[in-house]
Amino acid sequence: MGIPVSGKNVFPSNIQGLPTWYEIRVSKDGHTARPAHIDLVVALNPATYAKDVAAVRPGGWLLYDSSWPLDQALAREDITILGVPFGRLCVEAFTGDRERTLMRNIAYTGALVALLDIDMDVLGEMIREQFAKKRALLDSNFRALHLGYDYAKKHFPCPLPIRLERMNASREHVLMDGNTAAALGCLYAGATVGAWYPITPATSLMEAFTGLCKRYRVDPETKRNNYCILQAEDELAAAGITIGAGWAGARAFTSTAGPGISLMSEFIGLAYYTEIPGVFFDIQRTGPSTGMPTRTQQADLLSIAYLSHGDTKHIALFPADPGECFYMSLAAFDLAERFQTPVFVVSDLDIGMNDWMVKRLTWDDNYRPDRGKVLDAEQLERIQRFSRYLDVDGDGIAARSLPGVHPKGAYFVRGSGHDKHGAYTEDAAEYQEVVDRLAKKLKTAEEAVPAPEIHQRNGATAPIGLVALGGTHAAMLEARAVLAGQDINVDYMRIKAFPFGEAVRHFLDAHETVFVVEQNRDAQLRSLLTIETGVPRDRLTPILDYGGLPLTAERVIGDVARHLEASVA
Amino acid sequence: MTSIQKPPVRHPSLQSNALGLTRRDYEGAMSTLCAGCGHDSVTAAIVQAFFELDIPPHRAAKMSGIGCSSKTTAYFMRQSHGFNSVHGRMPSVASGANAANRDLIYIGISGDGDSLSIGLGQLCHAIRRNVDMLYVLENNGVYGLTKGQFSASADVGSKSKRGEPNVQKPIDPVLLALSLGATFVARGFSGDKARLVPMLKAGLTHKGFAIIDVISPCVTFNDHEGSTKSYRFTRENYHELAAVDFVPLQREITAATEAGTSVSVTMHDGSIVRFREVGSEYDPTDRDAAYAHVRTHQERGEIVTGLLYIDEQSSDMHDIAHTVERPLVELPYESLCPGREALEKLMDEYR
């Protein structure tokens, strides 16, 4: 119906099939963040009725199956309870347990069509599409749809005050999850080696990549695969495979979550020090330790920025939605090869596993990978002596050679101390020359990574600045819009990458009051900003939301308002 | 102190191989291991094997982890790419490199600590994956770089330099590899180069994961009376199954006339491995028999050496992954990116 929509699956870490909630937000203003209040709860499971009833906002509605009446103890005065005897209607209309059970869900949909004024033609078309190959089921589905529809029409004042109206706001959009989009990014980036170990919520990324490869990467002549995906024995091996493949010259990646990042730590230090490219997806979930595997968080920021022992620093990209998962995956491979270092794409469970409405992904056929400074056989033939870690161009990036290309390109990769030629060293000056160049390389990266996105009214600087990154973007935009409606003008900077460039520092300097909004307990982004930009810690006020659910705009608005009131008082 | 390069001295009467290279061209930096270390003998055998197989040094990749043995990749074939990775994790790095470029010849050098303790999981899974590589485990039963602690291959009762006996049961890499389904399993002795070289050549030619456990005594920490990994103990107790001859494909015609061979296995590339004087009771393609043979001799306190098991028919990592013959690193980007039109069509599926 062309209406902006978003869906969030709130599910338990469980295989047995414990209760799951699916939250759908529909907004004519295009807001797609998780809302703080729920207008209508469709209760499907008697076991969770108490929770379901409590979730409805005052003045809202609850739709449930009244074949088994609701416990009066649960009833609320301030909401409207809509009971439809779905179970009984289906028992009367259908035969067989299976059909009676399955059709109940469709009957629910029918009632919603009436209550919310959903376009019956659109829904009918969807059902016809869905069952195009199972025509026998078409009739049952339409009958069930009408059971619910007719009952609601007859017994309730339809439509409700909340209703759907056809719009034209999603024409150029698709509904996609971030892991699928990231996998597409890897496909289009030309990645050929994928290594992984199953882990929620990162598993679906490699599964999506596998599916895409089966479709687009089978050599038409030989029917053999133009890719190699290896399910490793653990995340350590997944990282090792990625690095080995990157060393050999392939675009390689792995996808994991916090526990895997911890395990990869040693290998990341090796790749950083030996300067081997690789792309590492971290689909963050709630930590620490096993934490809550099916809940979201932004709590791996500090560990990723400086992952591994010794002096290290890494490039990280922070996609805000599945669209950016696609484009940033691509950028990650280019950056990894250009800077010859591991690059992290830091997503989260909310972005990775939920369906988001994003602009249709587009592609420019003129794109060619940035392979960075790689010497080919001819170039190697011409040079006197190849020195792996020599900074010829003054940007901190040395040229590399790939194994097997030319005898002159051979060198010895070592995680032990090495000089600029790649030879083993325990000499202080020779050692420092290399690690200082590495620092310079990461400095060069500051302005090569995506710059922050800054939202300002008419280019004029407001006294208040909000800072956030990643998947909280939708809630941040909504909060800013609502605050503007209350005559509170705030600027907003969404950080897109680490290490931070000059623009990030400038934004912090330009605002009297800065709120750093993030989904972790310890204000990790604020710490990073303090360490990296030198901005005093007490100039940055944290707004922290770390219960594991996607951020709501209300949370940001409430905290900003409270802080402003307190500072006035 | 940087590593010491050997002076490129070339004796006029040095033999050349088919590539016109001499054995010197297959050497590396000067070894920094202790004088008399078994590992240096293994290094010499590796130099000879690569030289005799006419392998262009830059087409070989030397992979290693951490430890005395892992350092030796710097001591042979200076014109080869080397990768000294992290402790116990070389197999995954080698797997990734091989996934990306299947045309290189991969040799992994590891030790008993690197392979059987910290890296046991990686070794097991590289065997399962059947990565096409030669994995040389230089086994001395002791941690040399950290000065003499027992490793997981130390035998029960074997004494440390201080005279304390080891009490934990050893992990035998040969039995481990056999039970995990390894497709090429051998055991050698660093003190017997004549028999080690053909074994290395066969291992390099094998399609799939070839493991050679080489007893390679540590002269500094484990070569004393009471040690079961000393030169003396190994010499007195090793029991050669059968010496093997490696007959490369191109020399087949002349070698075919040699007599005295009872068993031979044809390698993937057509080369032949001949088992000299092996009795009719031993079949190197029978995994269970190989296992039993090693166990029987172990009971008697003997160390069985030789090419113990070989399977040239199994699928390697790329067969399993059904990868194209051409190395993935050589595929042009244009053949990897589906392009704008495909993306537009795909987007319609997500409306």
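Cut-off values and rules
- Residues numbered from 1 in each chain as written.
- Chains lettered and ligands numbered in written order.
- Predicted model: local features only at pLDDT ≥ 70, side-chain atom pairs only at ≥ 80, totals over all residues.
- Heavy atoms only, no water.
- pLDDT = per-residue confidence, 0-100.
- Contact = heavy atoms within 4.5 Å.
- Buried area = accessible area lost by both parts, 1.4 Å probe.
- Salt bridge = Lys/Arg side-chain N within 4 Å of Asp/Glu carboxyl O.
- Polar contact = N/O pair within 3.5 Å; in protein donor to acceptor, adjacent residues only side chain to side chain.
- Helix = DSSP H or I, 4+ residues; strand = E, 2+ residues; numbered from the N terminus.
- Domains from an automatic or database assignment.
- Expected span 1.5 Å × (residues − 1).
- Buried < 20%, exposed > 50% of the residue type's maximum accessible area, 1.4 Å probe, protein only.
- Core = buried A, V, L, I, M, F, W, Y, C linked by side-chain atoms within 4.5 Å.
- Phe/Tyr/Trp six-rings, centres within 6.5 Å; stacked < 30°, edge-to-face > 60°.
- Lys NZ or Arg CZ within 6 Å of the ring centre and 35° of its normal.
- Disulfide = S-S within 2.5 Å.

Colleague: How should I be thinking about the confidence of the model for chain B in this particular structure?
Modeller: Interpreting fine coordinate detail is not advised for predicted regions of low pLDDT. Residues and elements named next belong to chain B. When pLDDT is averaged across chain B, the result is 91; 93% of the residues are at 70 or more. In the model, residues 252-261 has pLDDT below 50 throughout and makes 10 contacts with residues more than four positions away in sequence or in other chains. As scored by the predictor, the complex reaches a pTM of 0.96 and an ipTM of 0.95.

Colleague: Mind showing me how you'd approach the interface of chain A and chain B here?
Modeller: When the parts of a complex come together, some accessible area is lost, and that lost area is often taken as the interface size. Every contact between the two is made by 71 residues of chain A and, on the other side, 61 residues of chain B. Contact with chain B buries surface across chain A, with Arg224, Glu233 and Phe412 of chain A losing the most and accounting together for 12% of the total. On the surface where chain A and chain B come into contact, there are 4 salt bridges. For Arg360 of chain A, the salt bridge is made with Asp348 of chain B, and the minimal N-O distance between the two is 2.9 Å. The tally of links between chain A and chain B comes to 21 residue pairs in polar contact (both at pLDDT 80 or more). In terms of residue count, the dominant contributor to the side of chain A that touches chain B is helix H8 (residues 235-248) of chain A (9 residues).

Colleague: Before we go on, may I ask you to explain the environment of Met120 of chain A in this structure?
Modeller: All names here are of chain A. Its location among the elements puts Met120 in helix H4 (residues 120-130). Separated by 29 residues in the primary sequence, Met120 and Tyr149 place their C-alpha atoms 9.8 Å from one another. Apart from the residues lying within four places of it in its own chain, the contact partners of Met120 are Val113, Leu145, His146 and Tyr149.

Colleague: What is the right way to read the domain arrangement of chain A from this model?
Modeller: The domain boundaries assigned to chain A delineate domain 1 (37-155), domain 2 (176-359), domain 3 (374-446) and domain 4 (453-568). Averaged C-alpha coordinates put domain 1 of chain A and domain 3 of chain A at centres separated by 66 Å.

Colleague: Just checking my understanding: could you explain helix H7 (residues 193-205) of chain B for this structure?
Modeller: Each full turn of the α-helix corresponds to 3.6 residues, which orients residues three or four apart in the same direction. Residue and element names in this part refer to chain B. With 13 residues, H7 ought to run about 18 Å at 1.5 Å a step, and its terminal C-alpha atoms sit 18 Å apart, in line with that. Summarising burial for H7: 10 of the 13 residues are buried, a large majority. Among the residues making up H7, those that are buried are Leu196, Val197, Pro198, Met199, Leu200, Lys201, Ala202, Gly203, Leu204 and Thr205.

Colleague: Any chance you could explain the nonpolar core here in plain terms?
Modeller: For soluble globular proteins, the rule of thumb is that nonpolar side chains tend to be buried together. Counting residues in each nonpolar core, the largest one holds 98 residues, and the members touching the most others are Val467, Ile495 and Leu529 of chain A together with Met63 of chain B. At 8 residues, the largest contribution of residues to this core is made by H8 of chain A. For Ile495 of chain A, the contacting residues outside a window of four places in its chain are Phe318, Pro452, Val467, Ala468, Leu469, Gly470, Phe500, Val504, Leu525 and Leu529 of chain A. Grouped together as the second largest cluster of nonpolar side chains are 61 residues, Cys186, Leu330, Phe339 and Leu361 of chain A included.

Colleague: Sorry if this is basic, but what is going on with the packing of aromatic side chains here?
Modeller: Aromatic ring pairs are described here by two measures, namely the spacing of the ring centres and the angle between the planes. Throughout the structure, instances matching the rule amount to 22 aromatic pairs over all chains. Pairing Phe498 of chain A with Phe500 of chain A gives two aromatic rings, centres 5.2 Å apart and planes at 90°, and the pair type is edge-to-face. Residue Phe500 of chain A is classed as buried on the basis of its relative accessible area of 4%. Ring centres of Tyr135 of chain B and Phe209 of chain B lie 5.4 Å apart, and the angle between their planes is 40°; this geometry places the pair in the tilted category. You can see Tyr135 of chain B sitting in strand S4 (residues 133-139) and its partner Phe209 of chain B sitting in strand S8 (residues 209-215), a full 74 residues away along the chain. For Phe209 of chain B, a relative accessible area of 0% translates into the label buried. Cluster of aromatic residues (ring-pair linked, three or more members): Tyr188, Phe326, Tyr327, Trp363 and Tyr367 of chain A together with Tyr333 of chain B. Its end group placed over the ring of Trp356 of chain A, Lys8 of chain A keeps NZ or CZ at 4.2 Å from the ring centre. Directly above the aromatic system of Phe76 of chain B lies the positively charged group of Lys62 of chain B, at a separation of 5.6 Å from the ring centroid.

Colleague: Even after reading the chapter, I still don't get the state of the cysteines, so can you show me in this structure?
Modeller: Structurally, a disulfide amounts to a covalent bond that connects the sulfur atoms of two cysteines. Tallying each qualifying case throughout the model produces 0 disulfides over all chains. Not part of a disulfide, Cys213 of chain A finds its nearest cysteine sulfur in Cys186 of chain A, a span of 9.1 Å. In this structure Cys213 of chain A comes out as buried when scored by relative accessible area, which is 0%. With no disulfide of its own, Cys37 of chain B has Cys34 of chain B as its nearest cysteine by sulfur position, at a separation of 6.4 Å.

Colleague: Explain unusual backbone geometry to me, please; I cannot follow it from the model alone.
Modeller: For residues that are not glycine, phi is negative in most cases, and the peptide bond is trans in most cases. A cis amide bond links Cys158 of chain A with the next residue in sequence, Pro159 of chain A, at an omega value of -10°. Examined against the element boundaries, Pro159 of chain A turns out to sit in the loop between helix H5 (135-155) and strand S6 (173-177). Geometrically, the link from Phe498 of chain A to Pro499 of chain A is a cis peptide bond, its omega value of 0° lying close to zero. Despite not being glycine, Ser289 of chain A has its phi angle at roughly 55°, a positive value. Note that Ser289 of chain A resides in the loop between strand S10 (278-284) and helix H10 (301-305). Within the chain, Asn130 of chain B stands out as a residue other than glycine whose phi angle is a positive 55°.

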